[in-house]
Amino acid sequence: MGTGGRMNDATTDKYVLKRVPTEKTPFELSDVKKAIPPHCFNRSLPTSFYYLLRDMIVCYTFYHLASNYIPLLPKPITYIAWPVYWFCQGCSFMGLHNLAHDMGHNSFSEYSWLDDVLGFVIHSSFLTPYFSFKYSHRSHHAHTNSIEYDEVWIPKRKTDTLYSEILNNPLGNLFMSLVILLISYPMYFAFNLNGRKYDGFASHYYPQSPLFNDTERKQIWVSDAGILLVLYALYQVATTAGAQWLFCIYGAPLLVMNGHFMFLTFLQHNHLGLAHYDSTEWDWIRGALSTVDRDYGILNKVFHDVTCAHVVHHLIPTIPHYHTVEVTKAIKPILGDYYKHDDTPVLKAFWREIKECIYVEPDEGAQRTGVYWFRR
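Since the model is a prediction, treat every value here as computed from it, not as a measurement.

(A) Seen up close, the overall build of the chain. Secondary structure summary: the chain contains 16 helices and five strands in total. Dimensions of the chain along its principal axes, counting C-alpha atoms only, are 65 × 50 × 50 Å. In the chain, of all internal contacts separated by at least 6 residues, the share reaching a separation of at least 24 is 71%. For the chain, the exposed area adds up to about 17,600 Å²; of that, 65% sits on carbon and sulfur atoms. The distance from the centre of the 31 positive side-chain charges to the centre of the 34 negative ones in the chain is 3 Å.

(B) Local environment of the packing of aromatic side chains. For the structure on display, the rule yields 23 aromatic pairs. Taken together, a centroid distance of 6.3 Å and an interplanar angle of 50° make the contact between F93 and Y250 tilted. Of this pair, F93 sits in helix α4 (residues 75–104) while Y250 is found in helix α11 (residues 243–269), placing the two residues 157 residues apart along the sequence. The pair F93 / Y250 is uniform in exposure class, with both members buried. Each ring, one from Y130 and one from F131, has its centre 4.9 Å from the other, and the planes form 75°; the classification is edge-to-face. On the basis of relative accessible area, Y130 is assigned to the buried category, the value being 1%. What links up through ring pairs into an aromatic cluster is the set F133, Y185, Y188, F189 and F261. The ring of W373 carries the charged tip of R19 above its face, separated from the ring centre by 4.0 Å.

(C) Summary view of a nonpolar patch on the surface. A cluster of nonpolar side chains, contributed by L171, L174, L178, L182, I183, M187, F191, F201, Y206 and W351, occupies part of the molecular surface with about 970 Å² of accessible area. Of all elements in the fold, only α8 (170–182) and α9 (184–191) reach the threshold of two or more residues within the nonpolar patch. The dominant element in the nonpolar patch, judged by the number of residues it contributes, is α8, at four residues. Along the chain, I183 falls in the loop between α8 and α9. According to the relative accessible area criterion, I183 is partly exposed, its value standing at 41%.

(D) Just the side chain of S290, in detail. Mapped onto the elements of the fold, S290 is located in the loop between α12 (284–288) and β2 (293–294). Exposure remark for S290: the relative accessible area of 4% places this residue in the buried category.

(E) Expanded view of helix α10 (residues 217–241). Here α10 contains 25 residues, and its C-alpha end-to-end distance of 36 Å stays within 8% of the 36 Å for a straight helix at 1.5 Å per residue. Three or more residues of α10 are buried, namely R217, I220, S223, D224, G226, I227, V230 and L234. Directly after α10, the chain includes G242, whose backbone phi takes a positive value near 105°.

Each value, and the rule that gives it
- Residues numbered from 1 in each chain as written.
- Predicted model: local features only at pLDDT ≥ 70, side-chain atom pairs only at ≥ 80, totals over all residues.
- Heavy atoms only, no water.
- Helix = DSSP H or I, 4+ residues; strand = E, 2+ residues; numbered from the N terminus.
- Contact = heavy atoms within 4.5 Å.
- Areas by Shrake-Rupley, 256 points an atom, 1.4 Å probe, with all protein chains shown as cover.
- Lys, Arg positive; Asp, Glu negative; His and termini not counted.
- Charge placed at Lys NZ, Arg CZ, Asp CG, Glu CD.
- Phe/Tyr/Trp six-rings, centres within 6.5 Å; stacked < 30°, edge-to-face > 60°.
- Buried < 20%, exposed > 50% of the residue type's maximum accessible area, 1.4 Å probe, protein only.
- Lys NZ or Arg CZ within 6 Å of the ring centre and 35° of its normal.
- Patch = residues over 30% accessible without salt bridge, like charges linked within 9 Å, V, L, I, M, F, W, Y side chains within 5 Å.
- Salt bridge = Lys/Arg side-chain N within 4 Å of Asp/Glu carboxyl O.
- Expected span 1.5 Å × (residues − 1).

See the structure below:
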C-alpha cells in the first residue's frame, strides 16, 4: 500500500478495511506537490471545453433518442426503455454536474469569472445553487473530517440513539439507504441535512444563513435567482409539452443524478478505515487524507474521475480532473499508508458502509481521545 503499487491487488476485507494512520504525517503538502509532474498543474481551456462539449453532446443525444424514438416503441418495451434512458441521462447529468463542481474550485480554466459563469449556468440547470454550494463546499475542503467544523456527512455519536439503536438494524439500514438516495440531495441544500450544526437557519437558499459570510450573501441571491429562472422555464415547458413529458425527459434523470451525487459523496467520506478528528487532534492534511478512492468502472470516466481520484482532489482541488489519475499515481509513494483505496464493488461497499458506519467514538482506552472511528 505504501509503495505506490496497484491497489486492486487487495482482495481481503482485512486489507481493504485497514485503518489509515492517524499520527501526524511525515510529509508536508509541499512534498506532495514536488512529486507531481509540472504539466499536471496546467488548466487547459481547450481541453476543459472539449470535456464540456462532449458531455453536452452526450446529453443532447440521449434527449434526442428518448424524445423521438421511445414514444414509437411498443408499449411494453417503453417500460424498459424509459428507465434505461433515465439512468443513462442521469449519469450524463452527473458528469456535467461534476464539471460545474470543478468550476467552483477554479480548476476548469485560469479565468475565475469564466468558471463562475459556466458553473452558475450548469448548476442552475440542475436546480443546484452554484455560489451557495461553492462556498459551503470550500469550507468542507478546509475542514474535512473535523467533528466540529466539517460541512457534510457529519458522523453521528453513540448518544444519538435514533441512529445507534433504533435504526441500527437491517430495516433501519434500508430506510437510511432510501433517505440518502431519494431525498438527501434537496434536503441538504434546503435544510443542511447531514451537515454541520449551526445557530440559526442553515440553508443554501437563505442569503442570511450562517453558512455564509457577509461578503458572500449577494451571490446567494444570484444563485436563488438562477434556480427560480430555471423553475419558471420548466413550468413553461410543462404547460406546453405536459408534466408527464417533462418528468420523463428531465425530472427522472435529475432524480438519478441526485442519487448519484449522494451515493458518490457518501462513499467518499464514509469508510471503516478512515478517522474523524476533534479539535485536539485535527489538522488540515490528515483531514484531507481522510477520504477514499473507489473504482466505478466505466463510470469513472463518465464522472470525470471524481470517483477514483478523490484523495488528490482534496489535497490540491485546482488540479484539472483530466490530470488527477496521473497525479494519484505520482503521489502514492509519498502518501504511503496514508492513502486509502477500496476496490470493493461499489454497491457492496455502499451497503457495508450503511451497516457498519453508524456512529463514531474513540477507541476504548485510547490515549488520543480526539481520534474517532466508525462503529455500529
